[in-house]
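Results of the structural survey
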Amino acid sequence: MAAVLHFTGFLKGVTYKTCLSENLSTINLDVFDVNKERSYGLIKSPTTEIAYSKWVSPKRTRSYPFARIYNTYNSSKVITIIPVIKDEGKDGDIDKI
């Protein structure tokens, strides 16, 4: 029987650079309205820039947010906006967060 080898350790300094991401559209913080803007982009203020992405639906299984989040990986500051709604529906079968 072959011996089992166990390895333990830590990886430090891992960085990510996206290769297939889209260009982010820029919007000023003064006029930014999360409900009217695209599902991902760049918020610009006088002091910094923040990349944002958002789920477009409160239904967990209906909107796939990972592609939008991937587009923001190259930015130094990133936020993801997740709508939070708890609705059991009329008969208790609608599951939204």
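See the structure printed just above.
Summary of the structure given here. Computed from a prediction, not measured in an experiment: that's the story for all the values here.

About the cut-offs
Residues numbered from 1 in each chain as written. Predicted model: local features only at pLDDT ≥ 70, side-chain atom pairs only at ≥ 80, totals over all residues. Heavy atoms only, no water. Helix = DSSP H or I, 4+ residues; strand = E, 2+ residues; numbered from the N terminus. Polar contact = N/O pair within 3.5 Å; in protein donor to acceptor, adjacent residues only side chain to side chain. Contact = heavy atoms within 4.5 Å. Patch = residues over 30% accessible without salt bridge, like charges linked within 9 Å, V, L, I, M, F, W, Y side chains within 5 Å. Areas by Shrake-Rupley, 256 points an atom, 1.4 Å probe, with all protein chains shown as cover. Salt bridge = Lys/Arg side-chain N within 4 Å of Asp/Glu carboxyl O. Buried < 20%, exposed > 50% of the residue type's maximum accessible area, 1.4 Å probe, protein only.

1. Section: the side chain of Ser 53
- For Ser 53, the position within the fold is in strand 3 (residues 49-54).
- At 3.3 Å, the side chain of Ser 53 forms a polar contact with the side chain of Thr 80.
- Once you skip the residues sitting within four places of it in the chain, Ser 53 turns out to touch Ser 39, Tyr 40, Arg 68, Ile 69, Thr 72, Ile 79, Thr 80 and Ile 81.

2. Some details on a nonpolar patch on the surface
- On the surface, Leu 11, Val 14 and Tyr 16 cluster together into a nonpolar patch covering about 420 Å² of accessible area.
- Among the structural elements, Val 14 can be located in the segment before strand 1 (26-28).
- Accessibility expressed as a relative area gives 52% for Val 14, which makes it exposed.

3. Re the pattern of salt bridges
- This structure, assessed with the given rule, holds one salt bridge.
- Residue Glu 49 is joined to Lys 44 by a salt bridge in which the shortest nitrogen-to-oxygen separation is 3.9 Å.

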